[in-house]
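Architecture at a glance
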Amino acid sequence: MNATISYTLAELAERFDLAAHGDASVRVDGVGTLAAAGPSQLSFLANSKYTAQLAASRAGIVVVRAENLAECPGAALVAADPYLAYAKIAALFERLPAAPVGIHPSAVVAPTARVSASASVGPCCVIGDDAVIDDGAVLGPHCIVGDGCTVGAHSRLVARVTLVVRVTLGQRVLVHPGAVIGSDGFGLAFDRRGGHWIKLPQLGGVRIGDDCEIGANTTIDRGALEDTVLEEDVRLDNQIQIAHNVHVGAHTAMAGCAAVAGSAKIGRYCMIGGNAGVLGHLELADRVTITAKSLVTHSIHEPGEYSSGVPLQESRPWRKNAARFKHLDAYARRLSALEKDKNHE
Amino acid sequence: MNATISYTLAELAERFDLAAHGDASVRVDGVGTLAAAGPSQLSFLANSKYTAQLAASRAGIVVVRAENLAECPGAALVAADPYLAYAKIAALFERLPAAPVGIHPSAVVAPTARVSASASVGPCCVIGDDAVIDDGAVLGPHCIVGDGCTVGAHSRLVARVTLVVRVTLGQRVLVHPGAVIGSDGFGLAFDRRGGHWIKLPQLGGVRIGDDCEIGANTTIDRGALEDTVLEEDVRLDNQIQIAHNVHVGAHTAMAGCAAVAGSAKIGRYCMIGGNAGVLGHLELADRVTITAKSLVTHSIHEPGEYSSGVPLQESRPWRKNAARFKHLDAYARRLSALEKDKNHE
Amino acid sequence: MNATISYTLAELAERFDLAAHGDASVRVDGVGTLAAAGPSQLSFLANSKYTAQLAASRAGIVVVRAENLAECPGAALVAADPYLAYAKIAALFERLPAAPVGIHPSAVVAPTARVSASASVGPCCVIGDDAVIDDGAVLGPHCIVGDGCTVGAHSRLVARVTLVVRVTLGQRVLVHPGAVIGSDGFGLAFDRRGGHWIKLPQLGGVRIGDDCEIGANTTIDRGALEDTVLEEDVRLDNQIQIAHNVHVGAHTAMAGCAAVAGSAKIGRYCMIGGNAGVLGHLELADRVTITAKSLVTHSIHEPGEYSSGVPLQESRPWRKNAARFKHLDAYARRLSALEKDKNHE
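Residues numbered from 1 in each chain as written. Chains lettered and ligands numbered in written order. Predicted model: local features only at pLDDT ≥ 70, side-chain atom pairs only at ≥ 80, totals over all residues. Heavy atoms only, no water.

1. Quick look at the overall build of chain A
- Looking only at helices and strands, chain A has four helices and 39 strands in total.
- For 345 residues, the compact-globule formula gives about 20 Å, and the C-alpha radius of gyration of chain A, at 26 Å, lies well above that figure.
- Taken along the three principal axes of its C-alpha coordinates, chain A extends 80 × 70 × 35 Å.
- For chain A, the proportion of its 345 residues judged to be buried stands at 59%.
- In chain A, the proportion of contacts linking residues at least 24 apart, taken out of those at least 6 apart, comes to 18%. (Helix = DSSP H or I, 4+ residues; strand = E, 2+ residues; numbered from the N terminus. Rg over C-alpha atoms; globule rule 2.2 N^0.38 Å. Buried < 20%, exposed > 50% of the residue type's maximum accessible area, 1.4 Å probe, protein only. Contact = heavy atoms within 4.5 Å.)

2. Brief notes about unusual backbone geometry
- Phi at Cys124 of chain B takes a positive value of approximately 65°, unusual for a residue other than glycine.
- With respect to the element layout, Cys124 of chain B can be found in the loop between strand 11 (120–121) and strand 12 (126–127).
- The residue Ser263 of chain C is not glycine, and still its phi comes out positive at about 65°.
- Relative to the helices and strands, Ser263 of chain C is located in the loop between strand 32 (259–260) and strand 33 (265–266).

3. Brief notes about the relation of the copies chain C and chain A
- Superposition of chain C onto chain A requires a rotation of 120° combined with a translation of 0.0 Å along the rotation axis, giving an RMSD of 0.1 Å. Within this description, the copies of the chain are treated as partners about a three-fold rotation axis. (Least-squares fit on C-alpha atoms with pLDDT ≥ 70 in both.)

4. Here's the deal with the packing of aromatic side chains
- As enumerated under the stated definition, the model contains 15 aromatic pairs over all chains in all.
- On the numbers, 5.0 Å between centres and 75° between planes, the contact of Phe190 of chain A with Trp197 of chain A is edge-to-face.
- Look at Phe190 of chain A and you get partly exposed, because its relative accessible area is 22%.
- Judged by relative accessible area, which is 11%, Trp197 of chain A ranks as buried.
- A ring pair is formed by Phe44 of chain C and Tyr83 of chain C, whose centres lie 5.9 Å apart and whose planes are at 45°; its orientation type is tilted. Here the residue Phe44 of chain C occupies a position in strand 5 (residues 41–44), and Tyr83 of chain C occupies one in helix 2 (residues 82–90), the gap between them amounting to 39 residues.
- By relative accessible area, which is 17% here, Phe44 of chain C ends up buried.
- In this structure an aromatic cluster arises from ring pairing among Phe44, Tyr83 and Tyr86 of chain A.
- The ring of Tyr269 of chain A carries Arg287 of chain A above its face, with NZ or CZ at 4.2 Å from the centroid. (Phe/Tyr/Trp six-rings, centres within 6.5 Å; stacked < 30°, edge-to-face > 60°. Lys NZ or Arg CZ within 6 Å of the ring centre and 35° of its normal.)

5. A short note on the domain arrangement of chain A
- Along its sequence, chain A is organised into domain 1 (7–93), domain 2 (161–306) and domain 3 (315–344).
- Summarising the inter-unit geometry, the C-alpha centres of domain 1 of chain A and domain 2 of chain A are found 38 Å apart. (Domains from an automatic or database assignment.)

6. Digging into the environment of Glu232 of chain C
Residue and element names in this part refer to chain C.
- Tracing the backbone shows Glu232 in the loop between strand 27 (228–230) and strand 28 (235–236).
- Since its relative accessible area comes to 35%, Glu232 is described here as partly exposed.
- Each C-alpha atom, one on Glu232 and one on Val126, is 26 Å from the other, the two residues being 106 residues apart in sequence.
- In this structure, Glu232 is in contact with Gly209, Asp210, Cys212, Ala250, His251 and Arg268, ignoring residues within four places of it in sequence.

7. Overview of the sheet that holds strand 26 (residues 219–221) of chain B
All names here are of chain B.
- One open sheet holds the 10 strands; their spatial order is 9-12-15-18-21-26-29-32-35-37, and the pairing between them is parallel. Edge positions in the sheet fall to strand 9 (108–109) and strand 37 (295–296), since each has one partner strand and no second.
- Of the pairings in the sheet, the one linking strand 21 (residues 180–183) to strand 26 comprises three bridges and is parallel in character. Residue pairing for strand 26: Val180 is matched across the bridge by Thr219. (Pairing = 2+ DSSP bridges.)

8. Quick notes on the side chain of His244 of chain C
Residue and element names in this part refer to chain C.
- Tracing the sequence through the fold places His244 in the loop between strand 29 (241–242) and strand 30 (247–248).
- Of the polar contacts made by the side chain of His244, one reaches the side chain of Gln202; its length is 2.8 Å.
- Residues contacting His244, with those up to four places away along its chain left out, are Gly185, Phe186, Gly187, Gln202, Asp221, Arg222, Gly223, Ala224, Thr228, Gly262 and Ser263. (Polar contact = N/O pair within 3.5 Å; in protein donor to acceptor, adjacent residues only side chain to side chain.)

9. As for the interface of chain C and chain B
- Listed by partner, the interface residues are 73 residues for chain C and 75 residues for chain B.
- Both faces considered, chain C and chain B share a buried interface measuring about 6100 Å² in area, 63% of it formed by carbon and sulfur atoms.
- Close ionic contact of Arg324 of chain B with Asp329 of chain C constitutes a salt bridge, the shortest N to O distance being 2.7 Å.
- Counting across the interface, chain C meets chain B through 35 residue pairs in polar contact (both at pLDDT 80 or more). (Buried area = accessible area lost by both parts, 1.4 Å probe. Salt bridge = Lys/Arg side-chain N within 4 Å of Asp/Glu carboxyl O.)

10. Let's talk about the UniProt feature "active site" (unreviewed entry) in chain A
- Taking the numbering used here, the UniProt-annotated feature "active site" (unreviewed entry) corresponds to His244 of chain A.
- Note on His244 of chain A: relative accessible area 14%, which makes it buried. (UniProt positions renumbered as here; feature names shortened; annotations may be inferred.)

11. Re the packing of helix 3 (residues 315–325) of chain A against helix 4 (residues 328–344) of chain B
- The N-to-C vectors of helix 3 of chain A and helix 4 of chain B enclose an angle of 60°; their axes lie 7 Å apart at closest approach. In terms of orientation, helix 3 of chain A and helix 4 of chain B fall into the oblique class. When helix 3 of chain A is examined against helix 4 of chain B, the residues Lys320, Asn321, Arg324 and Phe325 of chain A are found in contact with a partner set consisting of Leu328, Asp329, Ala332 and Arg333 of chain B. (Axes fitted to C-alpha atoms, helices over the stretch in contact; angles between N-to-C directions. Parallel < 35°, antiparallel > 145°, perpendicular 65-115°, else oblique.)

12. Describing the pattern of salt bridges
- Applying the stated criterion across every chain, the model contains 39 salt bridges over all chains.
- Of the charged contacts in the structure, one is a salt bridge between Asp191 of chain A and Lys88 of chain B, with a shortest N-O distance of 3.5 Å. You can see Asp191 of chain A sitting in strand 22 (residues 188–191) and its partner Lys88 of chain B sitting in helix 2 (residues 82–90), one on each of two chains.
- When its relative accessible area of 9% is taken as the criterion, Asp191 of chain A is described as buried.
- Among the salt bridges present, the one from Glu305 of chain B reaches Arg319 of chain C, with a minimum N-O distance of 3.5 Å. Linking Glu305 of chain B in strand 38 (residues 304–307) with Arg319 of chain C in helix 3 (residues 315–325), this pair reaches from one chain into another.
- The structure contains a network of salt bridges with shared partners spanning Asp184, Lys199 and Arg222 of chain A together with Glu213, Asp233 and Arg235 of chain B.

Take a look at the structure:
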């Protein structure tokens, strides 16, 4: 944390258009949790289960809803959505690693690639033919930008990102280490006569919209014929798998280890939970939420929250219940038979 | 797409032994979907749900089954399996990135490694002691081939592939970026006295047969004592986990995020769905299909399709149903009691 | 295997404090399975299902429980826990790849980094500002150690490991290829007015205790405000996802593809099965076991084994049972109604 960056209550109130309460000259140079923040740090209360920590907090400034203002022990900023306000304020205190403009001497750049003079290309990067690295883009160490790929202005590949071929990133896209974008889709035809698989060439590409974020070790395959597409502001956590020809609508977010099979079309403003899956060729409407580890087996036409799975139990009773599941259809029939008998009595 | 590569209907019919209908001189230089292909492109109809698009397609040539020939608006090729025929034809139009023969000056190659004069070793590759890179093999940028590993003839490591140690790839193996093959198996013994874990050395290797494909960020551990084995023509999608001492039979395919635990033995011609799992030490017969996200908890001795899981619902009714699952054994007992009462009446 | 390393029965008995039976001069230079080991190899019997193989084993020495001694055809070592004893003995025969002390000329090391004279830094490694590589640490090829990260003494990054920023590894930590530690946590606030996501800066770090092991392509995000923590001797298999601010207690082990969401707190000596998941902000007591593919949806306060999921079946009957699950709540109500009728008769 750079100690020379600090802001007063008054400065923060003005910059973020928030109502201030308390000593306008209180100054903070960082952020922390309600429990851990000290007098020179700002904290926030967004989740009511932490309300009990508010009165005892030593934070110099706390961001709260109006309803919690009375319990604040010191200076406060009032926001309709304290978590959002905190997110914006906290960004002031982030110190990103330095990214020197220019191309590191260990990088290998094809003569036909076009690298903006304001871009930063780190150690051991490899940039292919006809690739474009636009203004202000930052490539950390060990990034590979394949033939014909484009990294849009002010995008940032943190480190060790691979864009395989025909990948276009928009502006301000953030990609974390180990992500692989534009790899072959998994397209195979079975040759019955020969008794073996024949690979389908994957001739499409990948288009990633502005302001997307792609997590560590996430994989996004390129399309078979047309492109795999993420519209703008799509947010993917770590270890997500996006198969070929998937289309993800703007502002959709997916938690870690989610997976979407080929040619599925996900709407805008969807939320896909951790390790959830979507089968191929399905369509999800806008504003669909899928809870963690659920499997989407049919298209969803209405916004709302959807789930599958059974609850966690101690293994001993669980085993008994799980064994019964194999006879659920029979139980339902037996239940109907009893009811029928009852009605005929 | 290289516009100078093109083929007439007659040339394609002869090359792939297919019946041609329409103008023999129609020429195509690429492929596309029924909806998007233009007069200089070839398309195909394999899935009956797209039949409605056939009549309106502007594609120069369409590959169809005989039964759909009447609906073709223009030139056509007739195939028993149009998807397979299309796969073979489309390969003509794939342009792989150039792979210059020789070793890039930034690569680090151990003096005892043997690299064929016809192989291509890309920027920043690292090749260990006694490694072998055989004829026509291509290593894209940033590949690591550990001590004693072999890359068979005409195999291709797209980029950033890691072969850790004692890994042997057959011929024409294709490995996508981020894959790690030959890492330590997860072998631990618990030392009760010391209250901590003791690691078992992983002394085996990995053997990958000819014509296998390994997806992006997939991991295949080496064996503890003997080798982890993939027979020929095994096809693994992205982010698959193959634990130590697993044996996968020839022509088996696994979709993204599938996982196989240690010492499991999967048969030939199996299909493992996305995010499905197989527990350790189990055996699956040949021609077993596991649907997506299922967990295989016992060995399977008969070919067929197997599943687990419960269906997706709106979360509100799902929560009620899921809560009832915890009492399923009790319900079954109560149902039997009612039936017994009924029979004693 | 280096043939010059060998040990007699007497030497092994003394070194590991085990009772020896048979010819004290029997000498072994490697290990193998009961079925495959030859006269110059040591084997073990830990799992009773392999007892039948013992009498026919050609192994020079076998490690067994006292109760199996009578069936040993040759020399034997007796141990209370043969698997543990074998683990310790087998380590004698592991030959790790050579790691020359010093910094490879292709590595890029920041002037402010501190690399111990006894450390090994491999080809193409990139070490950032103020990073520390402590005594005897080994960095294989292509490792990235970001600004301010520390690699503790005798830790080993096998190859292509990325420590992003503010990551501290203890001593003797082993990290496998493709692992990403210290990437941004997935922290987002939704800006309703703007209709888009706002990213929360991830200002914390990651602390990994002594003797931890991190599998291939595993991801561990850094904390939002405080650190993500793994206590000592935590063992993570491949492709595990640990979100920001997770805390994992000492000696806990997780199998491949497990995932833990943000701010969850896992106890000591827990066992998390393959592809199991833990939702955010939950707490698991010490000595909790979660079986494979289960989803933990509530905190667990008691040690024991916990599960979720339904059993695998052939798909045809499974589909019928699964369809019934959507009506389980209704069935339970109908069952209660029948019972009530019965009691009122």
